[in-house]
Structures are given as structure tokens and as C-alpha cells.
Amino acid sequence: MNLGKTTKLALCFGGIFACYFYYGVIQEKITRGSYGLDKERYLYTVFLVFCQCVINAAFAKGMLLVTSDGTPSKTPNKLSFLCGCTYVGAMLASNASLKWVNYPTQVLGKSCKPITVMILGVFFAGKRYNSVKYLAVLMIVCGVALFMFKDGKSSANESVFGVGEFLLLVSLTLDGLTGVYQEKMRGYATKPHYMMMALNLSALVVMSVWLIVTGEIWQAMSFCSKHPQIVPEIITFSLASALGQNFIYITVTEFGPLVCSIITTTRKFFTILGSVILFGNALLTRQWIGTMIVFAGLALDSLYGKTHKPAMKA
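Since we're looking at a predicted model, the values are computed, not measured.

Attention now moves to the packing of aromatic side chains. In this description, a pair of aromatic rings is defined by centroid distance and the angle of the planes. All chains considered together, the criterion is met by 7 aromatic pairs. Relative to Phe-17, the ring of Phe-13 lies with its centre 6.3 Å away and its plane at 35°, an arrangement referred to as tilted. With Phe-13 and Phe-17 both in helix H1 (residues 5-32) and 4 residues apart, the pair spans about one turn of that helix. The exposure class of Phe-13 is partly exposed, given its relative accessible area of 24%.

Below, the structure written as C-alpha cells:
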């Protein structure tokens, strides 16, 4: 069944929204929760992402077996590997930041992802956008940031820019580079589930070396053996990631990394806005202003943000 572009985009947005809503809840539970009578914290971020990538790769392979027509991909392995490295680096830095910042702060920081994807895409992938596109993306990011900003005074000994914030900055930069490589992969007509499998397999190679060299794999497995209640949480966390990535890579291959980054940013905004509408929580004036800016940016992008694709190099 052939779906129209608008319908396909709406389905991808809904899938990303649903999967990553649960993903965010379980992620914070694992990384900031405590286990057992001695209230141990789970500290093995690389192992958590490793498990996530195993399920992601297996899911993508299964989808390829079902949907592939047998035509081999023309995407260079080096490009897939580089994309996998930046992809896993962004995830690790983002997840590790939760040891120093809370989830809302992480969400706020990652809301700037479309800007890094756009800027690095211009410099390294030869992308060109009209001025309206830049304005629309800036409005969306500013609106989301204004909506999610937490009021409150910092304590005297609290750093404005600490380890958590630095890790978020690293994650954003790597997100932008991942967008660059994904844009290059689109030039080879890479299928969504091939891209998903290739990136996750590349990430697994990098993380396997890290886990063995540091010994984290044995520490994490010991923790899971001691606190088996965390195992189903890791599995459901990974399944949510796999389903979410399914929609993400369809979006990337069909509409581009920038559109995907806008969706993943605004879905966090719509998650909170939806809870406000459903449960009758009042919004601050600042949040209403942020809401209007986001919708204005989305409308501007929809109506006037179309861009011309750069000519492919011979």
C-alpha cells in the first residue's frame, strides 16, 4: 500500500512520539533509580546502550528479511561505520549526562539538535536552506526551550556549565555529524532498515571494545545478576528504542535528517503539552508564549520552508 507523503510523515511522527515517550520514562527510571535494600544506582551507561543497539540491529535485520527485495546496498562501509560512531557517541554522551542533570534538563539541551544538524549539514554535506527555513527552525527551538525552561534559583555552589552540560554539548555536536553522514547515505538511496542495521552494528563494534577493555560488561552483568528486576526494564527500554528507530530511519530516508530532528524535538514539546491538556495542569504565561512560537515556526516551515536539493556530485 502506497501512502502519501503527508500520511507517511504523520504516521512516523505518531510512532516516534509513542515509542520515545515510554523510552524517556524508562530511561530515567534506570539511570536515576536505586535498586535493592542498599539503594544501588545503575552506573553502566555503555552496557545499557549496547543492549539497546543489539535489539535495534536484530529488529532491523528482521525487517530487512521481510521487506528487502535482495538488492545489495551501495552504501560504502566506511560511511556506515563513521555514522555509527557519531550515532553511538551522541547516545552515550546524552545518557551519561543524566548522572549530573535531570531528564527535563537533558530534554531542554537536546531541543537544540535541529540547529546543529542544520549548521553542520550546510558546512559538511553541502545542504542549502532558504532564510525562512532557518527562521522556522530557530523559532521551533526557541519555543521548545522557552516552554521547557525550569524557573528557580541556582544554589551558590551550583555550576552554570558543568559536566552534564558539557556532555550535552558533545552529544549535540555528534548529532549534527550523524545528520551529515545520514545525508550522504541518502545519496546512495540507502533503505531505512539497512541504515538502521548498519549504524547499530557499527556502534556495537565500538562499544564491544570499550566494554571489554574497561571491564564494564562484567560489572554490568554482575549488577543485573544481583538486581534481576532491572533486566525486564532494560529489555523494554531496548524494544521501545527499536520501534522508535524504525520510524526515525523511515523519516530520515524519506524526508531527511533535519525533518527528523525537528520531529524528535517537537515530540517532547507535544508530550508535555498533551499532559497539560489531558490532566488540566495550568501553563505559565511563558509556556503559552513558547507554545505559540512553536506552532508559528511549524506553520512557517510547512508553508514556506521548502528547499532545493543540492546537485549530486558526479
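Time to look at helix H9 (residues 216-226). Among the residues of H9, Glu-216, Ile-217, Ala-220, Phe-223 and Cys-224 are the ones counted as buried. The arc enclosing the buried residues of H9, seen along the axis, measures out at 125°, which places them on a common side. Seen from the open side of H9, the exposed residues pointing more than 90 degrees away from its buried face are Trp-218, Ser-225 and Lys-226.

Further remarks concern empty space enclosed by the protein. Per the stated rule, a full pass over the model turns up 3 cavities of 30 Å³ or more. In this structure, the largest cavity occupies an estimated 650 Å³ of space. If you trace the largest cavity, you find 31 residues lining it, with Met-91, Lys-110, Lys-113, Asp-175 and Ile-248 closest to the centre. Sorting the residues of the lining of the largest cavity by element identifies H1, helix H3 (77-97), helix H4 (103-110), helix H5 (113-124), helix H7 (163-186), helix H10 (230-255) and helix H11 (257-279) as the ones contributing at least two each. Here the lining of the largest cavity takes 6 residues from H11, the largest share from any one element. In terms of residue class, the lining of the largest cavity is built from 13 nonpolar, 13 polar and 5 charged. Taken together, Thr-31, Tyr-42, Leu-43, Tyr-44, Thr-45, Asn-95, Leu-98 and Lys-99 form the lining of the second largest cavity. Taken together, the residues of the lining of the second largest cavity break down into 4 nonpolar, 3 polar and 1 charged.

Analysis parameters
- Residues numbered from 1 in each chain as written.
- Predicted model: local features only at pLDDT ≥ 70, side-chain atom pairs only at ≥ 80, totals over all residues.
- Heavy atoms only, no water.
- Phe/Tyr/Trp six-rings, centres within 6.5 Å; stacked < 30°, edge-to-face > 60°.
- Helix = DSSP H or I, 4+ residues; strand = E, 2+ residues; numbered from the N terminus.
- Buried < 20%, exposed > 50% of the residue type's maximum accessible area, 1.4 Å probe, protein only.
- Arc of directions from axis to C-beta.
- 1 Å grid on protein atoms, 1.4 Å probe; cavity = no way out; pocket = protein on both sides within 12 Å on 5 of 7 lines; lining within 4 Å.
- Points joined across faces, edges and corners; volume = space filled by probe spheres on them.
- Nonpolar A, V, L, I, M, F, W, Y, C, P; charged D, E, K, R; others polar.

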